[in-house]
Amino acid sequence: MNHYCTYFDRNFLIHGMALARSLRTHDPKSVLWVLCLDDFTYQYLEDRNDPAIRPVPLAELEAADPELHAVKEDRSRVEYYFTLSPCWPLHLLRENPALERITYLDADLFFYGSPEPIFAEMEGRSVFVTEHRYPEFLQHHRRCGRFNVAILSFRNNSHGLFCLQRWREQCLDWCYDRVEDGKYADQGYLDEWPALLGDELCVSHRAGVNLAPWNWPAHHIETRGRTVLIDRQPLEIFHFARFRPYVGSLIFQSGQLEYGIMPWRVRQAIYGPYWRALTAAREEIRSHRKNFDFPRARLRAWHGFWKCFVPRALFGSDWLRIGPVFISGRFGLGRFSGRLFYFARTLKQQVRQRHEAPVLVTDEKPVG
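Residues numbered from 1 in each chain as written. Predicted model: local features only at pLDDT ≥ 70, side-chain atom pairs only at ≥ 80, totals over all residues. Heavy atoms only, no water.

**Re the confidence of the model for the protein chain**
Across the protein chain, the average pLDDT comes to 92, with 94% of residues at 70 or higher. A low-confidence stretch, residues 359-368 stays under pLDDT 50, and its non-local contacts, those more than four residues away or across chains, total zero contacts. (pLDDT = per-residue confidence, 0-100. Contact = heavy atoms within 4.5 Å.)

Here's what the structure looks like:
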């Protein structure tokens, strides 16, 4: 039996339940441990009484880890959530010594296939991690880390526990939403894992695992009916980072503007099934909590919307949803957005360097 863990509050409850539904389909005997970041989420999951989902209130983790609770006032909400990333799976392994392995999942992941190939790839190793796999024109994002925190797996052995304990200590010491001295949030610390863990680390080579808005342009993607192939490998897990509704559930932020907007056929093959899972999760929640819906876009989100309105409109990064179909209306132009942003950034840097170049002054007089 595979054990997974994640965390979310009511704002991600629909996404988290869609993740749970995908696990139920592709790993039906699995257990998903949910760290509930507010009372609403915990009470809802408790009322459901689903044996495949085991909710734990945040207060329980904080009581068991007072050092974690001590840094809460020093972090923003999202920074504190980042700090939870190593603390939560470590807590589960300590409290449940019979667990052979725990696999951490971001709440906005979705399974399209069985996770067994992932665990087969991890065979004989203690820690599993995936790279961001940025294409060449997005390499500047490497400053945020070579690896992505979205899916991590740790065996309950000396190597897995050592890795989690070290990562926890690092995040308690510094975990902020900025790049500083080679660190970034909870993620930059993972860069040392190859040297730290050696052969105990499994860096996944599966193209279909943790496919995301920032790495899909680096792969050859084709659709065959309902099957999506990534470099001829089946899509297994997609990361729906920054995919959020703006207006009810009709207009969505794709989260792809700075990377490249997915072409029509691939977009429908990946986002269509996810929308159906989100809808099913929302209806399931509404059967217990009437009128529950996606959270409204915050003022900060609207500020970002208008600030980038021109490129959003030009490349179609905000999608109109009609049924399970997401429409950008740009007929493929959007796929070049990331490359054009890269070109503009490079040009800007060259102009800046030219203006900042030192002017050589000499006292020598001309001869003649």
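There's more to say after this.
**Observations regarding the sheet that holds strand E3 (residues 53-57)**
Pairing between the strands of a sheet is mediated by backbone hydrogen bonds and can be parallel or antiparallel. One open sheet holds the seven strands; their spatial order is E3-E2-E1-E4-E7-E6-E10, and the pairing between them is mixed. This sheet does not close on itself; its edge strands, each paired only once, are E3 and strand E10 (201-203). The average undirected angle you get between the axes of adjacent strands in this sheet is 25°. Across six bridges, the pairing between strand E1 (residues 3-8) and strand E2 (residues 31-36) is parallel. Within the sheet, the bridge partner assigned to His3 lies in E2 and is Val31. Most of the contacts of helix H2 (residues 39-48) go to E3, to which it runs at about 145°, and overall it touches E1, E2 and E3. Packed onto the sheet, helix H5 (residues 77-95) meets E1, E2, E3, strand E4 (101-105) and strand E7 (147-155) and runs at close to 150° relative to E1. (Pairing = 2+ DSSP bridges. Helix = DSSP H or I, 4+ residues; strand = E, 2+ residues; numbered from the N terminus. Axes fitted to C-alpha atoms, helices over the stretch in contact; angles between N-to-C directions.)

**Some words on the pairing of E3**
Sheet topology places E2 next to E3; five bridges connect them, and they run parallel. Of the residues in E3, the one forming a bridge with Trp33 is Arg54. Tracing the backbone out of E2, into H2 and back to the parallel element E3 gives a crossover that is right-handed. (Right-handed = clockwise from strand over helix to strand, strands pointing away.)

**Examining the packing of aromatic side chains**
With the rule as written, the count across this model stands at 31 aromatic pairs. Aromatic pair Phe110 and Tyr274: ring centres 5.3 Å apart, planes at 70°, arrangement edge-to-face. Taken together, the positions of Phe110 in strand E5 (residues 109-111) and Tyr274 in helix H9 (residues 264-286) put the pair 164 residues apart, joining distant regions of the chain. Considered together, Phe110 and Tyr274 belong to a single accessibility category, that of buried residues. Here Phe243 and Tyr274 contribute two aromatic rings whose centre-to-centre distance is 6.2 Å and whose plane-to-plane angle is 50°, an arrangement assigned as tilted. Within this pair, whereas Phe243 is found in the loop between strand E14 (237-239) and strand E15 (244-247), its partner Tyr274 is found in helix H9, the two being separated by 31 residues in sequence. Overall, Phe243 belongs to the buried group, its relative accessible area being 1%. Note on Tyr274: relative accessible area 0%, which makes it buried. In textbook terms, an aromatic cluster arises when at least three aromatic residues are bridged by ring pairs, as seen for Phe110, Tyr112, Phe238, Phe240, Phe243, Phe252, Tyr271, Tyr274, Trp275, Phe294, Trp319 and Phe326. Geometry around Phe40 places Arg10 over its ring, the cationic atom sitting 4.0 Å from the centre. (Phe/Tyr/Trp six-rings, centres within 6.5 Å; stacked < 30°, edge-to-face > 60°. Buried < 20%, exposed > 50% of the residue type's maximum accessible area, 1.4 Å probe, protein only. Lys NZ or Arg CZ within 6 Å of the ring centre and 35° of its normal.)

**Focus on the side chain of Asp65**
Within the fold, Asp65 resides in the loop between helix H3 (58-64) and helix H4 (66-70). Setting aside anything within four residues of it in sequence, one finds Asp65 in contact with Cys87 and Arg168.

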